[in-house]
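# Reading the structure
Listed here are the chains, written in short residue letters.
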Amino acid sequence: MTMKLVLEHLYLVLLSVLFSTAVGLPLGIFAYLNRPARKVVLWASEVLQTIPALALLGMVMVLFGAGKPTVIIGLVLYSLLPIVHNTFLGLDNINPGIKEAARGMGLSKWDRLFSIELPLAFPMVFTGIRIATVTAVGVAVFATSVGGGGLGSIINQGIRTQNMRLIFSGTLTLMAMAVVFDAGMALIEKRMNRRATH
Amino acid sequence: MNFWNLYGHKLLVAIGVHFLYVLAAVSIGFVVALTLGILLSRVPSIAKMALPLISVFQTIPGVVFIGLLFLSLGMVPATAIVALAIYAVFPILKNTYVGLLSVDKSLLEAARGCGMSKMQSLFEVELPLALPSIIGGLRMSTVYTVSWAVLASMIGLGGLGEFIYIGIATNNNALIVAGAIPSGIMAILLSLLIDAVKKRITHAPQKEASAA
Amino acid sequence: MIRFEHVTKKYGDSVILDDLSFEIKEGEFAVLIGPSGCGKTTTLKSINRLIEPDAGHIYVNGKDIAETDPVKLRRSIGYVIQQIGLFPNMTVAQNIGVVPKRLKYEKSEILKITRELMDMVDMSYDEYGHKYPSELSGGQQQRIGVLRALAASPPIVLMDEPFGALDPMTRSSLQEEIIRLHKKLHKTFVFVTHDMDEALKLADKIIFMEGGHIIQMATPEEMLENPASDLIRSFMGKRAADSAPVQLTAADFMRPNPISVYKNRGIRECTEIMARRHIDSLLIKNDDDTYAGVVSVNSIKRSGKTTGPIGEVPLSENAVSYVTEDAMESFDKLLNSDKDYVVVLNEDDTIAGIVTKTSMAKAMADALWGDAQ
């Protein structure tokens, strides 16, 4: 197994989570601020995740051709749900007393959002990003099917050639990656929560 | 509608096969997970170590289970079903365990105080209270399984994945979409169904309680 | 300072504020009180436009607030709520500085204000300024909540049941502090509560609301003396009585239904009753139920009789009050007599009860602490 595949996998995951956050965070905020659009946004992100990952990647490939951009777009769509959901929930669950105090003291809507609500919702948003990251590590296995490389290619190759060792090495690397992300981000989360508890 | 004439029958069969895989895998997974979850919740000392382990296993992509089982069992439907069932176990197991442990301790004490045996307390108090969480796990497992069942075709076992794989391999959009949309709809319908069931069984006892 | 003119607010079919008009003067400590759903919180929140009325006008300093930018308006009005609502992501000092910062005060100026305010409630800046709200007790948090509302020295401060969630000890010390702050700062305070004790303690003027109307708007003394409705009276419980003891009569302080016997009862029977009840005297009544006198164990002994009707034993005279008599006078009689009780009679001279030291103490306790028993 080559380092290149590991890095490739990492590259796909990190880039998609980055974009997914860039898209999901505003979408979550939008769902929070705009009551009529809320249901649509939340529902749409949920539906996206019910589509089998491979099928989603396949459909994206139809539009963008085989390659890394397809993988990243597919992964972004697939990891939107936890980020959008958690952003919305994090903002929506803030103690109403805090929101009322902020309004009553004369903070404008955007001032409230940026100086109070988003900082308070951030630990929850971060949990969403963590879930998205771990999911993306697993789903990126399909990248190889649409020409995106990554660790999936080792596993696929192992299955095709009936090579147990290859399958195991691919799987273990994948698991290690997921665990490192999960544990590392959970640690950061814990720190943030300790400070933000009210 | 040339497509329908060419593939219509095959597509219907594929949907049926796909659904059977999901049904069998989730049923097996549910029974196993529920049993394991209950057992784990009885011995919290072991469970403390088991839970992170479950989370780790959950990160293993379904491909791996299918691949490994393919190598040991060969190209039989059981391979796909067992692999999917293993994958379906984790969310249900986790939610069962967490659901059981988060039952209010004072209620357990009350159950004991009422003279309930451990079994009675489990079946009459703990499981009903953990039910929403357990069903939440079931829903998650079902949606995942619909998604991962696509992989059955990777080892030539049919299902909607066949359309997707062939579509990707031959760059045939129609085939990809023909495989993706039914599986998406299947996932959505099943999760709506489970939500409806959850609403029914979790609301009924609450109403009784408030009336009492 | 704050003037409501025909303000109406409805939610669907239910009218929350019904053509409300009143005025709160500058520097006044006004307390809005009433049963839940009476519109007191709605009234408060329409002053800083957290709630917009459907009809009518509200003027602050002569300006119609509907024409003021709500953000600017709120920055000029302090606001304290029951849930405290300190921002958990900011330190105590940052919380206090929220409004001054948005009003573009100099940093050094904000620091100075923060220090001064914190000194006022005995929470030193050096010790608490850099703590997060979650590190403070509930009482300390609400002190900061109040300071935060005062930071930009707004002429008006609105408080929505600010001490409602605090334990009684903390509440009472915060009440003292808020009185002190009001005296010192000469601001207009508008305070919502459902606790009449709190209202009586704090208010210059109590505004009693019910069903979206003002039932009475008066100083605490006026309200105690002349509650405008039965509801207000029940809100004040026995406090009204407490401040006006002149209205109390012997009937309020007596123990009703004392043991009494007719004159023709046998002496032996009477001594037995006394022994059984552990009492040393009996009230004696005539055949027409009117009061005749008192027989004590001693007078029976002195008479040397053991048989015959009790009426033949010489009756002793006890101090007597009538039910309508002023309670004070029956106290005096009790204290000045060598007897253990004063007999209280109805208008028709039948026995109504007795006033003893115990019944007196109990009645006073009821008046002070409510009908606990």
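Numbering of residues begins from 1 in every chain and follows the order in which that chain's sequence is written. By the order in which they are written, chains take letters starting at A while ligands take numbers starting at 1. pLDDT decides what is reported in this predicted model: residues at 70 or higher carry local features, side-chain atom pairs at 80 or more are listed and counted, and totals for whole chains, interfaces and linings draw on all residues regardless. As a convention, hydrogens and water are excluded, and side-chain values are obtained from all of the structure's heavy atoms.

Of regular secondary structure, chain A possesses 8 helices and 0 strands. Going along the chain from the N terminus, every DSSP run of H or I of four or more residues is numbered as a helix, and every run of E of two or more is numbered as a strand. Walking chain A from its N terminus toward its C terminus, one meets helices and strands in the order α-α-α-α-α-α-α-α. When the backbone C-alpha atoms are referred to their principal axes, chain A occupies close to 65 × 35 × 20 Å. Here chain A, with 198 residues, has 58% of them falling under the buried criterion. By definition, residues are in contact when any of their heavy atoms lie within 4.5 Å. Pairs at least 24 apart in sequence give 76% of the contacts found in chain A among residues at least 6 apart. The protein chains shown are the only cover counted for residues, whose accessible areas, like all others here, come from Shrake-Rupley with a 1.4 Å probe. Accessible area of chain A: about 8400 Å², with a carbon and sulfur share of 69%. Only protein chains enter the area calculation, which uses a 1.4 Å probe; residues under 20% of their type maximum are buried, those over 50% are exposed, and those in between are partly exposed.

Contacts are most numerous between chains A and B, considering all 2 pairs of chains that are in contact. At the level of C-alpha atoms, the two units chain B and chain C stay apart, their nearest approach being 24 Å.

Another aspect to go through is the packing of helix H7 (residues 152–160) of chain A against helix H3 (residues 62–73) of chain B. Axis angle and axis distance: for two packed helices, these are the angle between their axes and the distance between the axes, and together they describe the pair. Two elements in contact, H7 of chain A and H3 of chain B, have axes separated by 10 Å at closest approach and are oriented at 15 degrees. Considering their axes alone, H7 of chain A and H3 of chain B lie roughly parallel with respect to each other. Here H7 of chain A runs over H3 of chain B; the crossing is left-handed. Residues Ile155, Asn156 and Ile159 of chain A of H7 of chain A pack against Val63, Val64, Gly67, Phe70 and Leu71 of chain B of H3 of chain B. Side-chain classes follow a simple rule in which Ala, Val, Leu, Ile, Met, Phe, Trp, Tyr, Cys and Pro form the nonpolar group, Asp, Glu, Lys and Arg form the charged group, and the remainder, Gly included, forms the polar group. For the contact of H7 of chain A with H3 of chain B, the residue count by class is 6 nonpolar, 2 polar and no charged. To obtain an axis, a line is fitted to C-alpha atoms, over the contacting stretch when the element is a helix, and the angle between two such axes runs from 0 to 180 degrees between their N-to-C directions. Should an angle lie under 35 degrees it is considered roughly parallel, over 145 roughly antiparallel, and from 65 to 115 roughly perpendicular; all remaining angles are considered oblique. Whether a crossing is left-handed or right-handed is set by the direction in which the near helix is turned from the far one by less than a right angle, anticlockwise for left-handed and clockwise for right-handed.

It is worth spelling out helix H2 (residues 35–50) of chain A at this point. Three- or four-residue spacings in an α-helix give side chains the same orientation, since the helix completes a turn every 3.6 residues. End to end, H2 of chain A covers 24 Å across 16 residues, agreeing with the expected 22 Å (1.5 Å per residue, within 8%). For H2 of chain A, the complete set of buried residues consists of Ala37, Arg38, Val41, Leu42, Ser45, Val47, Leu48, Gln49 and Thr50 of chain A. Under the convention used throughout, the expected extent of a helix is 1.5 Å for every residue step, that is, one less than its residue count.

Attention shifts here to the interface of chain C and chain A. On the side of chain A, 20 residues touch chain C, which itself brings 24 residues to the contact. Simply put, the buried area is the total loss of 1.4 Å probe accessible area from both parts when two parts are fitted together. With both chains or domains summed, chain C and chain A bury close to 2000 Å², and 58% of this area falls on carbon and sulfur atoms. When the area that chain C buries against chain A is broken down by residue, the three leading residues are Phe87, Pro88 and Asn89 of chain C, summing to 26%. A carboxyl oxygen of Asp or Glu within 4 Å of a side-chain nitrogen of Lys or Arg is what we treat as a salt bridge. At the junction of chain C and chain A, the tally comes to 2 salt bridges. One salt bridge connects Lys45 of chain C with Glu100 of chain A, and the closest N-O pair in it is separated by 3.4 Å. Any pair of N or O atoms that falls within 3.5 Å is considered a polar contact. Within protein, one atom must be able to donate a hydrogen and the other to accept it, and sequence-neighbouring residues count only if both atoms are side-chain atoms. Seen at the junction of chain C and chain A, the total is 8 residue pairs in polar contact (both at pLDDT 80 or more). Those elements giving two or more residues to the side of chain C that touches chain A turn out to be helix H2 (70–75), strand S6 (77–81), helix H4 (98–102) and helix H7 (138–150) of chain C. Grouping the constituent residues of the side of chain C that touches chain A by class yields 13 nonpolar, 6 polar and 5 charged.

Okay, the interface of chain A and chain B next. Often, the extent of an interface is quoted as the loss of accessible area upon association of its parts. On the side of chain B, 30 residues touch chain A, which itself brings 32 residues to the contact. In total, about 2700 Å² of surface goes out of reach between chain A and chain B, with carbon and sulfur atoms giving 81% of it. Glu46 of chain A serves as the salt-bridge partner of Arg139 of chain B, at 2.6 Å between the closest nitrogen and oxygen. At the surface where chain A touches chain B, the tally comes to 2 residue pairs in polar contact (both at pLDDT 80 or more).

Residue and element names in this part refer to chain C. Taken together, the buried positions of helix H16 (residues 327–336) are Ala327, Ser330, Phe331 and Leu334. The buried residues of H16 occupy an angular sector of 105 degrees when projected down its axis, which confines them to one face. Across from the buried face of H16, at angles greater than 90 degrees, the exposed residues are Met328 and Asn336. Our arc is simply the arc of the directions from the helix axis toward the C-beta atoms.

Where charged atoms of side chains with opposite charge meet at close range, the side chains can pair. Inspection of every chain in the model, using the stated rule, returns 20 salt bridges over all chains. Residue Arg42 of chain B is joined to Glu126 of chain B by a salt bridge in which the shortest nitrogen-to-oxygen separation is 2.7 Å. Of the two residues, Arg42 of chain B is situated in helix H1 (residues 2–42) and Glu126 of chain B in helix H6 (residues 118–148); the sequence distance between them amounts to 84 residues. When the shortest N-O distance is used, the salt bridge between Arg265 of chain C and Glu269 of chain C registers 3.2 Å. Classification of Glu269 of chain C by relative accessible area gives partly exposed; the value is 39%. A network of salt bridges, in which partner residues are shared, links Lys4, Glu8 and Lys68 of chain A.

Residue and element names in this part refer to chain C. The sheet built from 4 strands is open, its strands ordered S2-S1-S4-S5 with antiparallel pairing. Looking along the sheet, the strands with just one partner apiece sit at the ends: strand S2 (14–24) and strand S5 (63–64). For strand S1 (residues 2–11) and S2, the ladder comprises 7 bridges, and the chain directions are antiparallel. Its bridge partner being in S2, Phe4 is matched across the sheet by Phe22. Between any two strands, at least two bridges found by DSSP are needed for them to pair.

Moving on, we get to the pairing of strand S13 (residues 281–285) of chain C. Residue and element names in this part refer to chain C. Most of S13 is tucked away: 5 of the 5 residues are buried. As defined by bridge partners, strand S12 (residues 260–262) adjoins S13 across 3 bridges and the pair is classed as parallel. What sits directly across from Ser260, in S13, is Leu283. Read as a crossover between parallel neighbours, the route from S12 over helix H14 (residues 267–277) to S13 is right-handed. Both S13 and strand S14 (residues 291–296) contribute to a ladder of 5 bridges, which runs antiparallel. Looking at S14, one finds that Lys285 is bridged to Tyr291. The antiparallel hairpin formed by S13 and S14 contains 5 residues in its connecting segment, where Asp289 sits at a positive phi of about 75 degrees. A right-handed crossover is one whose linking path, passing over the helix from the first strand to the second, runs clockwise when the strands point away from the viewer.

Right, let's get into the sheet that holds strand S9 (residues 205–210) of chain C. Residue and element names in this part refer to chain C. The strand order S6-S7-S8-S3-S9-S10 describes an open sheet built from 6 strands, whose pairing is mixed. In this open sheet, the two strands that pair with only one neighbour each are S6 and strand S10 (213–218). Recorded for the sheet is a direction-independent mean angle of 15 degrees between the axes of neighbouring strands. Sheet topology note: the strand S3 (residues 29–33)/S9 ladder contains 4 bridges and is parallel. Residue Ile33 lies in a different strand from S9, and its bridge partner there is Phe208.

Here we come to the confidence of the model for chain B. Residues and elements named next belong to chain B. Across the chain, each position has a pLDDT score giving the predictor's confidence in that residue, from 0 to 100. In this model, chain B carries an average pLDDT of 83, and 95% of its residues clear a pLDDT of 70 or more. Confidence drops under pLDDT 50 across residues 204–212; counting only partners more than four residues distant or on other chains, this segment forms 0 contacts. Reported confidence for the predicted complex is 0.80 by ipTM and 0.73 by pTM.

All names here are of chain B. Within the secondary structure, Lys118 is located in helix H6. The exposed category is assigned to Lys118, whose relative accessible area is 73%. Sequence separation between Lys118 and Leu108 is 10 residues; the distance between their C-alpha atoms is 9.6 Å.

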